[in-house]
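This is what each chain is made of:
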Amino acid sequence: MVDSIYFLLSKLRLFAIAALYLISVNVFSASVISSLNKDSVVENEVVQLSIRTDFPDTGSGPDLTELKRDFEILGKSQNSQFRFNLGTSQALNFWVINLMPKSVGKIEIPPINVGEHKSEALILEVKNAPQLLDENGNPPVILKMTSSDPQPYLQQQIILTMELFTSVALQNANISTPNHANLVIERLIDDQARIELINGTNYQVRTRTYLAFPQVSGQLDIAPQTISAMINTNTGRRIIKVQSLPISLQVLPIPASYSSDYWLPAKRVSINTSLSPMTNVHVGDTLTWKIEISAAGALPEQIPPIAFSSTPDYKLYPQPAEFSSSKSGSGINGSQSLTIEIVPTREGVISLPSIEIPFWNVEERAIEVTATDSLSLSILPLGSGSLNNQTNTNPSANQQDGGAKNEPLDNPSQPISLAKPKKQKQTESQSIEVELEVSGENPSTVLKIIIALSLLIIILLTCTFIWLKRNKRKTASDIGIPTIKEFAPVSAIDEASAYQHLIQCCRSNQLSQLRGYLLEWARVRWGDENILGLEDIKRLSDSPEITQLIMESELSMYSDKATNQWNGDALADALEIHFNGVQKTSPSDQLKTLYPNF
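We now turn to the structure provided with this report. Keep in mind that what you see is a predicted model, and the values were worked out from it rather than measured.

**A look at the overall build of the chain**
Inference 1: Counting secondary structure elements, the chain contains eleven helices and 31 strands.
Inference 2: Burial statistics for the chain: of 598 residues in total, 31% are counted as buried.
Inference 3: Taking as baseline every contact in the chain between residues at least 6 positions apart, the subset at least 24 positions apart corresponds to 68%.
Inference 4: When the accessible surface of the chain is totalled, it reaches about 38100 Å², and 52% of it is carbon and sulfur.

**Notes on the sheet that holds strand β9 (residues 117-118)**
Inference 1: The sheet built from three strands is open, its strands ordered β4-β8-β9 with antiparallel pairing. Whereas interior strands pair on both sides, the edge strands pair on one side only; in this sheet they are β4 (62-63) and β9.

**Considerations on unusual backbone geometry**
What is expected of a backbone is that most residues other than glycine have negative phi and most peptide bonds are trans.
Inference 1: For the bond from S276 to P277, the omega torsion is -10°, close enough to zero to count as cis.
Inference 2: Take P277: it is sitting in the loop between β22 (268-276) and β23 (281-282).
Inference 3: Notably, N280 is not glycine yet its phi reads approximately 55°, a positive angle.
Inference 4: Along the chain, N280 falls in the loop between β22 and β23.
Inference 5: For N280, a relative accessible area of 42% corresponds to the partly exposed category.

**A look at the packing of helix α7 (residues 514-526) against helix α8 (residues 534-541)**
Inference 1: Where α7 contacts α8, the two axes come as close as 10 Å, and the packing angle between them is 50°. In terms of their interaxial angle, α7 and α8 are classed as oblique. In this structure, α7 meets α8 at a crossing whose hand is left-handed. Between α7, through R515, L518, L519, A522 and W526, and α8, the contact on the second element is made entirely by L534, I537, L540 and S541.

**Structural notes on the sheet that holds strand β31 (residues 375-380)**
Inference 1: In space, the three strands of this open sheet follow the order β23-β31-β28, with mixed pairing throughout. What marks the edges here is a single partner per strand, and that holds for β23 and β28 (348-352).
Inference 2: Here β23 pairs with β31 via two bridges, running parallel. The partner of H282 across the bridge, within β31, is L380.

**Concerning the packing of aromatic side chains**
Inference 1: Summed over all chains, the structure comprises eight aromatic pairs.
Inference 2: Ring plane angle 20° and centroid distance 5.6 Å describe the contact between W289 and F308, whose orientation is recorded as stacked. Highlighted residues: W289 in strand β24 (residues 287-296) and F308 in the loop between β24 and β25 (314-318), separated in sequence by 19 residues.
Inference 3: Overall, the relative accessible area of 2% leaves W289 in the buried class.
Inference 4: Three or more aromatic residues link up through ring pairs in this structure, and these residues are Y153, Y258, W263 and W360.
Inference 5: Sitting over the ring of Y210, R187 keeps its end group 5.9 Å from the ring centre.
Inference 6: A cation over a ring is seen here: R525 above W526, with NZ or CZ 5.5 Å from the ring centre.

**Overview of the environment of S553**
Inference 1: Within the element layout of this structure, S553 appears in helix α9 (residues 544-558).
Inference 2: Spatially, the C-alpha atoms of S553 and L571 are 9.0 Å apart, while their sequence positions differ by 18 residues.
Inference 3: Among the polar contacts listed, one links the side chain of S553 to the backbone oxygen of I550, at a separation of 2.6 Å.

**Thoughts on the side chain of T53**
Inference 1: Checked against the element boundaries, T53 lands in strand β3 (residues 47-53).
Inference 2: T53 gets classed as buried once you look at its relative accessible area, which sits at 1%.

**Looking at the environment of P130**
Inference 1: Residue placement: P130 occurs in the loop between β10 (122-127) and β11 (141-147).
Inference 2: Overall, P130 belongs to the exposed group, its relative accessible area being 57%.

**Quick word on helix α6 (residues 495-507)**
Inference 1: The terminal C-alpha atoms of α6, which comprises 13 residues, lie 18 Å apart, in line with the 18 Å expected from a rise of 1.5 Å per residue.
Inference 2: Restricting attention to buried positions, one finds in α6 the residues A498, Y499, L502, I503, C505 and C506. In an axial view of α6, the angular spread of the buried residues amounts to 160°, which keeps them on one side of the axis.

**Focus on the nonpolar core**
Inference 1: In terms of nonpolar packing, the biggest core is built from 34 residues, with V269, W289, I293, I342 and I357 touching the most fellow members.
Inference 2: Elements with a contribution of two residues or more to this core: β22, β24, β25, β27 (331-344), β28, β29 (356-361) and β31.
Inference 3: The element that contributes the greatest number of residues to this core is β24, accounting for five residues.
Inference 4: Contact partners of I342, with chain neighbours within four places excluded, come to L275, D285, T286, L287, W289, Y314, K315, L316 and L352.
Inference 5: In this structure, C505, L511, I537 and A574 belong to the second largest nonpolar core, which totals 24 residues.

**Concerning the pairing of strand β1 (residues 32-36)**
Inference 1: What you see with β1 is a clean split: V32, S34 and L36 sit on the buried side and I33 and S35 on the side with no burial.
Inference 2: Across five bridges, the pairing between β1 and β3 is antiparallel. Its bridge partner being in β3, L36 is matched across the sheet by L49.

**Quick look at the pattern of salt bridges**
Inference 1: The full count for this structure, using the stated rule, is 16 salt bridges.
Inference 2: For K241, the salt bridge is made with E72, and the minimal N-O distance between the two is 3.1 Å. Here the residue K241 occupies a position in strand β19 (residues 236-243), and E72 occupies one in strand β5 (residues 71-85), the gap between them amounting to 169 residues.
Inference 3: Judged by relative accessible area, which is 32%, E72 ranks as partly exposed.
Inference 4: Connected via shared salt-bridge partners are R507, D569, D573 and E576.

**Some words on the environment of V96**
Inference 1: Take V96: it is sitting in strand β6 (residues 88-101).
Inference 2: Taking the relative accessible area as the measure of exposure, V96 reaches 27% and is therefore partly exposed.
Inference 3: Residues V96 and K76 lie 20 residues apart in sequence; the distance between their C-alpha atoms is 5.7 Å.
Inference 4: Beyond its immediate stretch of four places on either side in the chain, V96 contacts Q48, L49, S50, G75, K76 and S77.

Calculation notes
- Numbering of residues starts from 1 in every chain and runs along the sequence as written.
- In view of the model being predicted, local features appear only for residues whose pLDDT reaches at least 70, and side-chain atom pairs are presented and counted only at 80 or more, with totals across whole chains, interfaces and linings using the full set of residues.
- Excluded from the side-chain calculations are hydrogens and water; all other atoms, namely the structure's heavy atoms, are used.
- Numbering of helices and strands runs from the N terminus; a helix is a DSSP stretch of H or I covering at least four residues, while a strand is a stretch of E covering at least two.
- Each residue's exposure class comes from its accessible area (1.4 Å probe, protein chains only) as a fraction of the maximum for that residue type: buried when under 20%, exposed when over 50%, partly exposed otherwise.
- Whether two residues touch is decided by their heavy atoms; if any such pair falls within 4.5 Å, the residues are in contact.
- What sets the accessible areas is the Shrake-Rupley method with a 1.4 Å probe; for residues, cover comes only from the shown protein chains.
- Pairing between two strands is assigned when DSSP locates at least 2 bridges connecting them.
- Axis angles are defined between N-to-C directions and span 0 to 180 degrees, where every axis is a line fitted to C-alpha atoms and, for a helix, only to the segment in contact.
- Between 65 and 115 degrees an angle is taken as roughly perpendicular, under 35 as roughly parallel, over 145 as roughly antiparallel, and anywhere else as oblique.
- Here a crossing is taken to be left-handed if its near helix is turned anticlockwise relative to the far helix by less than a right angle, and right-handed if that turn runs clockwise.
- Ring pairs shown here join Phe, Tyr and Trp side chains whose ring centres sit within 6.5 Å, with only the six-membered ring taken for Trp; geometry is labelled stacked below 30 degrees between planes, edge-to-face above 60, and tilted in between.
- Remark: a charge is flagged as sitting over a ring if the NZ atom of Lys or the CZ atom of Arg is within 6 Å of the ring centre and within 35 degrees of the ring normal.
- Within 3.5 Å is the distance limit for a polar contact, defined as a pair of N or O atoms, with the added protein rule that one can donate a hydrogen and the other accept it, and that residues adjacent in sequence qualify only through two side-chain atoms.
- In a helix, the anticipated span is given by 1.5 Å times the number of residues less one.
- What the arc measures is the spread of directions leading from the helix axis to the C-beta atoms.
- Within this scheme, the nonpolar core is defined by two criteria: the residues are buried Ala, Val, Leu, Ile, Met, Phe, Trp, Tyr or Cys, and they are joined through side-chain atoms within 4.5 Å.
- We count a salt bridge whenever a side-chain nitrogen from Lys or Arg sits within 4 Å of a carboxyl oxygen from Asp or Glu.

Structure representation (C-alpha cells):
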C-alpha cells in the first residue's frame, strides 16, 4: 500500500509540473494588445490608441493603413521594455497613436498588424460635439467665403474673398485654398487685417483675396473651405475644425450680340496716344506714335492686338508690344503698350487711323467701344529745311543776351531725314592777331593804318586761295585722276538695254541691285558728268513720283527690317511713264474712288 501511495504522489508531481509548463507557455506566448483611452468621444476630440507587443520581432511597427480611412493620424510615439523572470527574458513594445475621427457615429478600429501578429478590433463611439461658444454666445472661429459676382461671364475676373474671424489664439492652423479644374486662380494682394466687434465679441479678421477666371460656361461649384487648429478651452486643449459655405457660380457664355473677333470682358477700357513731333515735319522724317491700352478687370493678354498697315501717305514700322499689369483690392488692371515709327512719304495733310477697342462692359452688361480721334498733321515737302531741323547752323542765335551757352547740336528727339545731306566744302578760317603799338595823338591816323593793314591782309589771303586752287587743279590733272567713266564703265550697250535691266530689277523686287541699275541707266541717259548719285536722278527726272519712290527704296535699304518686303512695281510703272511719256491706268487707280484712304 505504501508503494501505491508513493506511485500516486509521483504521478501528481508530474501532472503539476506539466500544468505549470503549460501555464508558462500560455503566459509568455506572442500577442498584440490594442486599447483606447476612451470608448466614447465627441466630434473633433482627440483619442489615443495604445498598442502593446511582447515579442522582439516587430518589423516596421504597427500597420496603420486601415486607420487612415476613418481617422486623421495626428502623431505617434514608441517605447520599449525588457523583463527577466526565472531565467527567461521578455521584450515589450508600446505605441501610442493620437487619432482624430473624421465622422460621427460608431467607428470600428480594425485589427492592427504588427509583424506576423495582429490585435483584436475595437469600437469607438463618436458623438456630436456641442457648439463651442463664448460667454456672449459667439463661436471662437468663423470662416466665410464670398464671390464678387455670382453670375460672371466666361473669362471674366472674379474676386474670391475669404474672411477668417478669430476671438482666440490658434495653434498649428491649417487653412485650405480655393481650387477648381475650370478656374484659373491666383493670389490678388497680401492678407489684410482688421478688428471687428460682433455681438459683444472682438474678432480679429484676416482677409485673403484671390483672382479667378472661369474657363467654361455653365454651373460651377466651389467646395467649402476649411480651417483646422488647436485652441485652449476651459477643459483643456482642443482641435477645432470650421468650414465655410460652398459657392455656386452660374458662368454665362459670350453674348450673341457681341460681334468682335476678340472677347474682352472688362469694367472699362482706356486708350492713351501721343505723337511726336507734331509740327515742322518734312517728308522722310521719323515720327514716334505711342499707344497704351488699359483694361480694368482683364489680363494684359486679353487685350486684342493693334495692327495698322502702311499707306501711300506713310510707312509704319511697329515695335513688339509690351505687356504689364497691376493689382489692387479692386482687381487687376492689364496694359498693352505699342510704339510705331511713322515715316511720311508725301507732302500735305495726312491722317493716322483712329483706334477702336470693343469690349463687353461687365457692369453694364452691354457691348461698348472705346475709340480715339483720327490724328491729322501737315507734312512739309522734302528739302533743305528737313536737314536744318536736325542741326543748328546759326551759332550766333545761341549767344544772345550776354553770351548764353550754346545748345547741343545732336538732338535725339529730332526726326531722322531720309535725304542724305550733300557734302559741303569746309574751309578753316584763320584769325590773325596784329598787335600794333601806335604813338601819337591822332586817332584818325591810327584808324587809317588799321584799315589799310586789314585790306592788305584780305588781298593776300585771296591771292593765296586762288593760287592754291589753281595749283590743286593742275596737280590733279598731272597725276591723272580717273573719272567715273574710267573706273566704273557702263556695261549696257545703249539706254534701252540699261532701261530694260532696270525695269526687270524693279519687277523682280531686287532691292540690293536697284542702286547699281539706277545709276547705270541714268549715266547712259544724262551722261557721266551729270550723275554722281541718286540725288542727281531725282533732280534730272523732274518727277515727284520717281523722287518719292526712290526715297522709299532708300528707306528700305537703310532700314533694320527685312528688305524682301520692298515692292518695286510702283517704281517700274513710274519709270515707264517717264521713259515712254504715256500715262498708265491700273485697277488700283480705280479703287481710289471706293477707298479714298488707300
